[in-house]
Amino acid sequence: MKFGMGQPVRRVEDQRFVTGQGHYTSDFTKPNQAYAAFVRSPHAHALLKGIDIAEAKAAPGVLAVLTVDDIDKLGARTMPCIAPAVNRDGSPVTQVSQHLLARGKVRWVGEAIAMVIAESAALARDAADLVMPDFEILSAAPTIKTAMAPDAPQLWEELPGNLALDWEGGDAAAVDAAFKSAAKTVSLEVIQNRVVANAMEPRAALGEYDPATERYTLTSHGQGTTMVHAGIAQLIMGIAPEKLRILQPDVGGGFGTKAFVYPEQPLVLYAARIVGRPVKWVGDRAEAFLADAHGRDMETRVELAFDKDARIQAMRVTGTANLGAYLSQYAPFIPTMAGSRVWGGVYDIPKVHGQVRCYMTNSAPIDAYRGAGRPEAAFFIERVMDLAASELGLDPVDLRRRNLIAKSAMPYTNWMAQNFDSGNFDATLTEALSRAKWDAYPQRVAASKARGRLRGRGLAYYIEVTGGVPQEPASIHFTDNGAVEVYVGTHSHGQGHETAYAQILAEKLGVPFESISIKQGDSDYAVKGGGTGGSRSLHMAGSAILQTSDDVVAKGKKAASQLLEAAEGDIEFTVTEAEGGRFSVVGTDKGMSIIDVALEARRRKLPGLEDGLDATGLFSATAGTYPNGAHICEVEIDPDTGTTDVVSYVVHDDFGRVINPMLVAGQVHGGVAQGLGQALVEHCVYDPESGQLITGSFMDYGMPRADIMPSIDFSYTEANPATTNPLGSKGCGEAGTVGALPVIINAIVDALKPYGVRHVDMPATPERVWRAINGTA
């Protein structure tokens, strides 16, 4: 169909965005609205001995100055960490308490210690400068290295040595034995540089409180209302669920870092109750650098054991991870269970053992960022595979092919009991190599050399796991004017859900594509979904829509049998380009459109069909999906300056069934851009002694720009549909990032081989590359 599944339909939501009709949290203004500003700690580690708020309270336009005592009087609880994680000895991760505003001690530069509410944002900021905290400065440990040191300052008394979690997985004895008998072992130490998400829209929150109903309303950024609602109502505020409404309007970028609760969100609700007026806070870019959850920040040693035929017998992973000053909602899960599910990549590795030690540091909390553990996994396995090929004297393609999981082995269960249900890794790799003109590479090297440039190429084959919350609802409602509304529990903030979901429904029910509207972002809606994250939305919510459509058709047959005066068994439902969805009596010309059946069934209040054909369904998944693909890129490096240009980039992906090729290409392009940013320019740096954020603005923190982005040759195969959902689709939202990190560094290291360079850490800045060339890295 013209607007059905598989068609490159333009995003319908773009019309309002490009014409300035998007409606973000900062665009909302309520009558008699007040404004909030936060006083944030200038120190990474200090005792907070008191706060003098007298001058700030007396400042013009100030309505209130709040500290943790004011908030706790209202029954506020501490911020939750909800990630499942256990230590090697089976004990759960030790919970440490983050108050909504600092109590007694601050643990990172940017931690909120007071909140000022005033008549305008400018007056609130001015008064915030008048708040006078009394600090006793302590030594800081803002990095993994400083937190691990024997004489490191202790962030928490209950966490000796700053160790928050000591996680282990796999069979250590079996792996040790495999290494002892190996014909060859290869090891590599890599660093996952810390990054800041830097979504275009900074975080914002608008709180309201109705004393008559004792009900709060929060309008704020998010990636789904359900988990934020539960986190605030039940875990933080301790109120009945019906006493809180969450509204999530348009969101300008999420990338995982807007999926969970931040202290500012419940704080504006409490502030609205205290001052008796709506209270709005809009963060600025400096606050985003300081107080948004950061991503990555992990150091890993990976080792492979090979037999005489260069087949992998075992893998050992030893890592340390930075969790920041407090345990954010999913923090312990990211460097452990999230990534370890695909540590072995697409290779048949019989034995794996891993240990990750997670440390608390005087830095912003770490949490999910695009890929959340899977880019880290792909990076170290694909980097060590390239290194192993070099040390074994093999072509990197040959080594990978010797170890790829065969199509005949599907479904394949890996060391973490992940069931790779479908895939043909060798065929996908072959297509990528062909598109990249792999065999013609020597000519391109010669051409680069003639221009005085070093040329390198990289190959990386990634696999990731998508999923998250294993259930997702959808509700389909026919309006009285013949339109169709679809209520979902996911949230679109750049993915194109309004288009893709409508395509599924248009093809399944034959209703006009332009008549379909997607409803999201309101906790008062009956659907309670798992939100958007982990590349789960399409195969979960899309499957729920598909499944609920079956219920609509079933109800339609019952209704049509009464309206057309025929037996239900004689009613058929067809969808054609010309007539759309239509119920007909088999063997006759009697029939009605699905819209007419829905409206007439409701108008007549047919027995059991008083709501017409409206239906709500729930899709339950028993497993996630496993998107995979090959990235191949080529770089040119100026040996005099260390400047790297990505001159060629090929991606061939297996996303199962593709609903909208244009949307998928956009997701891959965006993912590659973020991966390229981390690989080449992005790096969040704290001073190792003071804990001050050195890269606290765009003057110091590099961001990927158009001039470093290559043209991307993207293609995909649909030959291996997922078997874990009725659509056959595999998540695509994070895949570009997962593959981009290793392939870019592989290409750079390949270019630097004449200089004996074994590895280059991210970001591969011109300075770092120049130092590698000149032996001063």
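Residues numbered from 1 in each chain as written. Predicted model: local features only at pLDDT ≥ 70, side-chain atom pairs only at ≥ 80, totals over all residues. Heavy atoms only, no water.

1. Points about unusual backbone geometry
- Of note, the amide linkage connecting Met410 to Pro411 takes the cis form, showing an omega dihedral of -5°.
- Inspection of the secondary structure assignment puts Pro411 in the loop between helix H12 (396-403) and strand S18 (412-413).
- Of note in the backbone geometry, Ala310 takes a positive phi value of approximately 65° without being a glycine.
- In this fold, Ala310 is placed in the loop between strand S15 (298-306) and strand S16 (312-324).
- For Ser535, which is not a glycine, the phi torsion comes out positive at approximately 55°.
- Mapped onto the elements of the fold, Ser535 is located in the loop between strand S23 (516-519) and helix H16 (537-563). (Helix = DSSP H or I, 4+ residues; strand = E, 2+ residues; numbered from the N terminus.)

2. Some details on the pattern of salt bridges
- Summed over all chains, the structure comprises 51 salt bridges.
- Measuring nitrogen to oxygen at the nearest pair gives 2.7 Å for the salt bridge that ties Asp14 to Arg11.
- We classify Asp14 as partly exposed; its relative accessible area is 26%.
- Of the charged contacts, one joins Glu189 and Arg301 as a salt bridge, the two residues approaching to 3.3 Å between their closest N and O atoms. Pair noted here: Glu189 is in strand S8 (residues 184-192) and Arg301 is in strand S15, with a separation of 112 residues, a long-range link.
- Assessed through its relative accessible area of 31%, Arg301 is described here as partly exposed.
- A network of salt bridges, in which partner residues are shared, links Arg40, Arg203, Glu264, Glu287 and Asp292. (Salt bridge = Lys/Arg side-chain N within 4 Å of Asp/Glu carboxyl O. Buried < 20%, exposed > 50% of the residue type's maximum accessible area, 1.4 Å probe, protein only.)

3. So, the packing of aromatic side chains
- Tallied over the entire structure, the rule returns 19 aromatic pairs.
- Centroid distance Phe3 to Phe513: 4.8 Å. Interplanar angle 10°. Geometry classified as stacked. Within this pair, whereas Phe3 is found in the segment before helix H1 (14-18), its partner Phe513 is found in the loop between helix H15 (497-509) and S23, the two being separated by 510 residues in sequence.
- Ring geometry for Phe38 against Trp281: centres 5.6 Å apart, planes inclined by 85°, an arrangement best described as edge-to-face. With a gap of 243 residues between them, Phe38 in strand S1 (residues 34-40) and Trp281 in strand S13 (residues 279-282) connect regions that are remote in the sequence. Judged on exposure class, the residue Phe38 and its partner Trp281 are both buried.
- Through a chain of ring-to-ring contacts, the aromatic side chains of Trp167, Trp343, Phe380 and Trp415 assemble into a single cluster.
- Taking the ring centre of Tyr262 as reference, the NZ or CZ of Arg203 above it sits at 3.7 Å.
- The residue whose ring lies beneath Arg316 is Phe179, and the NZ or CZ to ring-centre distance is 4.2 Å. (Phe/Tyr/Trp six-rings, centres within 6.5 Å; stacked < 30°, edge-to-face > 60°. Lys NZ or Arg CZ within 6 Å of the ring centre and 35° of its normal.)

4. Concerning the sheet that holds strand S6 (residues 132-137)
- Strands sit in the order S4-S2-S6 across an open sheet of three strands; the sheet is antiparallel. If you trace the sheet from one side to the other, it starts and ends with strand S4 (105-106) and S6, each paired once.
- With two bridges connecting them, strand S2 (residues 46-52) and S4 associate as antiparallel partners. Residue pairing in the sheet places Leu47 in a bridge with Lys105 of S4. (Pairing = 2+ DSSP bridges.)

5. Thoughts on the sheet that holds strand S11 (residues 215-220)
- Across the sheet, seven strands lie side by side as S3-S5-S1-S13-S10-S11-S12; this open sheet has mixed pairing. Each having just a single partner strand, strand S3 (62-66) and strand S12 (244-247) make up the two edges of the open sheet. Across the sheet, the mean angle from the axis of one strand to that of its neighbour is 20°, orientation sign disregarded.
- Alignment of strand S10 (residues 204-210) against S13, held across four bridges, turns out to be antiparallel. Within the sheet, the bridge partner assigned to Leu206 lies in S13 and is Lys280.
- Each of S11 and S12 touches helix H7 (residues 225-237); the most contacted strand, S12, lies at about 145° to it.
- Helix H8 (residues 264-275) rests against S1, S3, strand S5 (112-118), S10, S11, S12 and S13 of the sheet, and its axis sits at about 35° to S10. (Axes fitted to C-alpha atoms, helices over the stretch in contact; angles between N-to-C directions. Contact = heavy atoms within 4.5 Å.)

6. So, the pairing of strand S20 (residues 454-463)
- Of all 10 residues in S20, 10 are buried, a share of seventy percent or more.
- Pairing geometry for S20 and strand S28 (residues 628-637), over 10 bridges, is antiparallel. Its bridge partner lying in S28, Gly458 is registered against Cys633.

7. Here we look at the environment of Leu206
- Here Leu206 shows up in strand S10.
- By relative accessible area, which is 0% here, Leu206 ends up buried.
- For Leu206 and Val486, which are 280 residues apart along the polypeptide, the C-alpha to C-alpha distance reads 26 Å.
- Not counting residues within four places of it along the chain, the set of residues in contact with Leu206 comprises Thr25, Phe28, Lys30, Gln33, Thr217, Leu218, Thr219, Val268, Pro278, Val279 and Lys280.

8. A few points about the nonpolar core
- In terms of nonpolar packing, the biggest core is built from 120 residues, with Tyr649, Ile748 and Leu752 touching the most fellow members.
- Apart from the residues within four sequence positions on either side, Ile748 is in contact with Val635, Ile637, Thr644, Leu680, Val760, Ala764 and Val769.
- The next biggest cluster of nonpolar side chains, apart from the first, holds 48 residues, and it includes Ala502, Leu546, Leu564 and Ala566. (Core = buried A, V, L, I, M, F, W, Y, C linked by side-chain atoms within 4.5 Å.)

9. Brief notes about the side chain of Asn660
- Relative to the assigned elements, Asn660 resides in the loop between strand S29 (644-654) and helix H18 (661-680).
- In this structure the side chain of Asn660 is engaged in a polar contact, spanning 2.9 Å, whose partner is the backbone nitrogen of Met662. (Polar contact = N/O pair within 3.5 Å; in protein donor to acceptor, adjacent residues only side chain to side chain.)

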